[in-house]
Amino acid sequence: MRKTLLFTGVLILACLFFTGLVFATGEKGAPEVSGPAAEKIIKVGFIYVGPIGDMGWTHAHNQARLMVEKLPWVETIYQESVPEGDTLSTIERMIQQEKCDVVFTTSFGFMDGTIDAARKFPNIIMAHASGFKRAPNVATYMADFYQVYYLNGLMAGALTKTGKIGYVGAFPIPEVKRHINAYTIGVREVNPDAEVHVRWIGAWFDPPAATEATMALIDEGCDVFAFTEDTSTVVEVAAKNGFPSFGHYSPMYDASPDYVVSGQLVHWDVFYLRFLGLVYSGILNSGNLENLDYWGLLREGDVELGAKPGMPVNPAWIGRLGDTHDLVLKRLEQMKNPQMVFDPFTGPLYDRKGNLVLPAGARADYLHLLTIEWAAKGVVGPWPNEP
Amino acid sequence: MELQTFIIDTLSRALAYGTPLLLGTLGEIYCERSGVLNLGVEGMMILGAFAGFVTTYATGNPFLGVLAAAIVGGSASMIHAFFSITIKTNIQVVSGLAITFFGLGLTGVLGRGWEGKPLDASLPIIGSPFLESIPVLGPIFSGQSVLVYISIGLALILWFILFKTSWGISIRSAGEDPEAADALGVNTSLVRYLCVLTGGVLAGIGGAYLSIDYRPSWTQGMTVGMGWIVIALTIFSFWNPLAALIGSYLFGSLFYLSFKLQPYLAPELLMIMPYLTTILALVLLNCSKTFRRRLGVPAALGLPYNREEK
């Protein structure tokens, strides 16, 4: 009797672990069987840092993957919530067991692992998002929001009554600092005395931390909110307390239609489709990616202004924005212009300590933006690695 | 005045963030007091969070959501009870961890369609002009969810039961010396089952508070390790429901302050405090036998009781 019990017990336990692990590591996308077998099929692997349902970064990459998969000559698989230390082994598995031809590693922390894997598999094409290390078979790509953050900053500057705007940031790294600076430059253009108060939560995904950080900013007197992290927490907490906010990454309009003013949207599919098209036609191969550093802005169509595709500003807020609404649309057109006739990082620009960081008339180049560490005038709060 | 606002802000956030911790800890205290270590709190919490969210979303009734969370959390804990009490294997750690893995994984898959959906119904908020007129305490307590009050009441009731009633003696003796308790006619298995169930139900409700009230939405993995903080808090509060009350709000204050004081103080300093204090508590417990006996580490914690062997 006891033995039988024990046996059933161990069996149940094994099942629990198994289902838990299988679910936790995420199923693989079912390979699509399509077209005549003789046709050339490119198998693409995506490595994600978070869960695909995070409403942020990983979710957006996965939406793009689903669009890519509609191509008849593409098959995709993915692995979600991959720890940075497992980059190499995950890529190995995708190449050796799943026979992937192309691997996209979609987080900054995968950088070194990707380069290691690229050395080991010189014939496989890889592309790493948001990094700066390349190899003959590794390209880098990024869709950057700083221009969109600037536009949202213009709106935030017009909306604040207390002159204090709250910003919840994930980590004090150049990418987030670039966003905050662009946002602050926008705020100050409309409202020269307003401040942008920053709090860091030390995680891309931590809803309770984002909640308490937002509450701390509310207690500080902030009345408009923006953020760079991977959940819709800030939007929800701001709305619960009656404050407007800007969505980030995924369409967050539905999370709070009354309080989301606008936001940043990404279209990773623009890059993936372009890149895979060039791979398919043979223009890009495992020997010529060393100098391919794709940087998608408004002009390229990789990013969009709004909290919902096709809606740059929430109609409920247009009236309250007044003249700023026209300014936003004007700047949007200027940045979408093929000549990019406007950019927020144009000199003269001073950091918050009063140092000149960009001389009059100069425009910040790519390297400057990628390694940005200074804090714009108007930023209030801790700023690690401030020069 | 500035200081008063500061204290009010902090304590009011401590109540809001500390409530799921308190609920989970109260349950784990009962579980461990009866001699069963359940490391599945994180799993039961997230199962409760998901069940609570879905039920509230579907029915529009947040109380039904809390009820569903309690049932789901309780059911999950029964798996653990079965292993640690009926089968009597020395695998309490493993089956607890299994529940955590299982809960996180299952809700991750089932919850995919529920991400980012807004919740219209929420639990009633306690607040009245009279309450707000009380200095300091008024602003801290008004505007809090009804679950905040319920959890405080529960802490008092559970403390009373544990230390002032014969039921409490049965529970504690099951965790201290199940053999002696058995000899005295206590049904050890039943006591342990009920205590594990209490733990599951409360963890489930704690999860529901997170998804229905604290941040009314569902996100995969939204408990982000709160279940593990609960395990730490159980030790930190020396298995005492009243100390759990203080501990939860202390941890809550520290969490809020790590953001509030960020311009002046490295947030990591405050973030590590809960863990640091728990380690200190452990050190204190192991300093001397007297401490160990006085402060109530259940002597038979994690040990199965096998009647036939005696």
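These numbers come from a predicted model, not from an experiment.

A. Representation of the overall build of chain A. Check the secondary structure of chain A and you find 12 helices and 15 strands. Burial statistics for chain A: of 387 residues in total, 58% are counted as buried. Carbon and sulfur atoms form 59% of the exposed surface of chain A, whose accessible area is close to 14700 Å².

B. The arrangement of unusual backbone geometry in detail. Look at the link from G347 of chain A to P348 of chain A: it is a cis peptide, with omega at 0°. Mapped onto the fold, P348 of chain A is located in the loop between α11 (323-336) and β13 (349-350). Although it is not a glycine, Y249 of chain A sits at a positive phi angle of roughly 75°. Tracing the backbone shows Y249 of chain A in the loop between β9 (245-247) and β10 (260-266). Phi angles above zero are rare outside glycine, and V224 of chain B is one such case at about 25°.

C. Spotlight on the layout of surface pockets. Approximately 900 Å³ is the volume attributed to the largest pocket. Mapped by element, the contributors of at least two residues to the lining of the largest pocket are α7 (207-220) and α8 (233-240) of chain A together with α1 (2-33), β2 (144-145) and α10 (188-214) of chain B. When residues in the lining of the largest pocket are grouped by element, the largest group, five residues, is from α8 of chain A. Tallied by class, residues from the lining of the largest pocket come to 18 nonpolar, 11 polar and eight charged.

D. Spotlight on the sheet that holds strand β5 (residues 138-143) of chain A. Residues and elements named next belong to chain A. If you walk across this open sheet you meet the six strands as β2-β1-β3-β4-β5-β11, and the pairing is parallel. A single partner strand is all that each edge strand has here, and the edge strands are β2 (74-79) and β11 (293-296). Put simply, the sheet's adjacent strands are angled 20° from each other on average, direction ignored.

E. Local environment of the interface of chain A and chain B. Every contact between the two is made by 46 residues of chain A and, on the other side, 41 residues of chain B. Note on chain A versus chain B: buried area summed over both sides is about 3800 Å², and carbon and sulfur give 67% of it. Scanning the region where chain A abuts chain B turns up four salt bridges. As a salt-bridge pair, R13 of chain B and E212 of chain A come within 2.9 Å of each other at their nearest N and O atoms. Applying the counting criterion to the chain A and chain B interface returns 12 residue pairs in polar contact (both at pLDDT 80 or more). At the level of secondary structure, the elements contributing two or more residues to the side of chain A that touches chain B comprise α1 (2-25), β7 (195-200), α7 and α8 of chain A. The element best represented in the side of chain A that touches chain B is α1 of chain A, accounting for 14 residues.

F. Representation of the pattern of salt bridges. All names here are of chain A. Throughout the structure, instances matching the rule amount to 17 salt bridges over all chains. Salt-bridge contacts for E92 lead to K120; the nearest nitrogen and oxygen are separated by 2.2 Å. Within this pair, whereas E92 is found in helix α3 (residues 87-96), its partner K120 is found in helix α4 (residues 111-120), the two being separated by 28 residues in sequence. Between K133 and D112 there is a salt bridge, and its shortest N-O distance comes to 2.7 Å. Here K133 is found in the loop between β4 (125-129) and β5, whereas its partner D112 is found in helix α4, with 21 residues between them in sequence. Owing to a relative accessible area of 41%, D112 belongs among the partly exposed residues under this scheme. Among the charged side chains, a salt-bridge network with shared partners connects K43, R93 and E98.

G. Representation of the pairing of strand β8 (residues 224-228) of chain A within the structure. Residues and elements named next belong to chain A. Of all five residues making up β8, five are buried, and the element is well covered by its neighbours. Residue alternation in β8 divides its side chains into two sets, V224, A226 and T228 and F225 and F227, and both sets are buried. As paired strands, strand β6 (residues 164-169) and β8 are joined by five bridges and run parallel to one another. Bridge assignment links I165 to a residue of β8, and that residue is V224.

H. Layout of the domain arrangement of chain A. Residues and elements named next belong to chain A. You can read the domains of chain A as domain 1 (39-144 + 268-296) and domain 2 (146-247 + 313-380). Spacing between the C-alpha centres of domain 1 and domain 2 amounts to 30 Å. Taken together, the contact pairs nine residues of domain 1 with nine residues of domain 2. Counting each side, the surface lost to burial between domain 1 and domain 2 is near 940 Å², with a carbon and sulfur contribution of 54%. Where domain 1 meets domain 2, there are one salt bridge. For D144, the salt bridge identified is with R178, shortest N-O distance 2.5 Å.

I. Structural detail: the packing of aromatic side chains. Residue and element names in this part refer to chain A. Applying the stated rule across the entire model yields 43 aromatic pairs over all chains. Both rings, one in Y48 and one in Y78, keep their centres 5.7 Å apart while their planes meet at 35°; by these two values the pair is tilted. Remark: Y78 occurs in strand β2 and Y48 occurs in the loop between β1 (42-47) and α2 (57-68); sequence separation between them is 30 residues. Given a relative accessible area of 0%, Y48 falls into the buried group. Among the residues examined, Y78 registers a relative accessible area of 5% and is labelled buried. A ring pair is formed by Y149 and Y183, whose centres lie 6.3 Å apart and whose planes are at 85°; its orientation type is edge-to-face. With a gap of 34 residues between them, Y149 in helix α5 (residues 146-159) and Y183 in helix α6 (residues 174-190) connect regions that are remote in the sequence. Accessibility assignment for this pair places Y149 and Y183 in one class, buried. If you follow K40 out to its NZ or CZ, it ends over the ring of Y280, 4.9 Å from the centre. The ring of F342 carries the charged tip of R331 above its face, separated from the ring centre by 4.1 Å.

J. Just empty space enclosed by the protein, in detail. Residues and elements named next belong to chain B. A full pass over the atoms with the stated rule returns one cavity of 30 Å³ or more. Lining the largest cavity are S84, I85, K88, T188, S189, R192, P304 and Y305. Within the residue set of the lining of the largest cavity, elements represented by two or more residues are α3 (62-86) and α10. Counting residues per element, the lining of the largest cavity draws most heavily on α10, which supplies three residues. Here the lining of the largest cavity is composed, by residue class, of three nonpolar, three polar and two charged.

Reading the values: rules and limits
- Residues numbered from 1 in each chain as written.
- Chains lettered and ligands numbered in written order.
- Predicted model: local features only at pLDDT ≥ 70, side-chain atom pairs only at ≥ 80, totals over all residues.
- Heavy atoms only, no water.
- Helix = DSSP H or I, 4+ residues; strand = E, 2+ residues; numbered from the N terminus.
- Buried < 20%, exposed > 50% of the residue type's maximum accessible area, 1.4 Å probe, protein only.
- Areas by Shrake-Rupley, 256 points an atom, 1.4 Å probe, with all protein chains shown as cover.
- 1 Å grid on protein atoms, 1.4 Å probe; cavity = no way out; pocket = protein on both sides within 12 Å on 5 of 7 lines; lining within 4 Å.
- Points joined across faces, edges and corners; volume = space filled by probe spheres on them.
- Nonpolar A, V, L, I, M, F, W, Y, C, P; charged D, E, K, R; others polar.
- Pairing = 2+ DSSP bridges.
- Axes fitted to C-alpha atoms, helices over the stretch in contact; angles between N-to-C directions.
- Contact = heavy atoms within 4.5 Å.
- Buried area = accessible area lost by both parts, 1.4 Å probe.
- Salt bridge = Lys/Arg side-chain N within 4 Å of Asp/Glu carboxyl O.
- Polar contact = N/O pair within 3.5 Å; in protein donor to acceptor, adjacent residues only side chain to side chain.
- Domains from an automatic or database assignment.
- Phe/Tyr/Trp six-rings, centres within 6.5 Å; stacked < 30°, edge-to-face > 60°.
- Lys NZ or Arg CZ within 6 Å of the ring centre and 35° of its normal.

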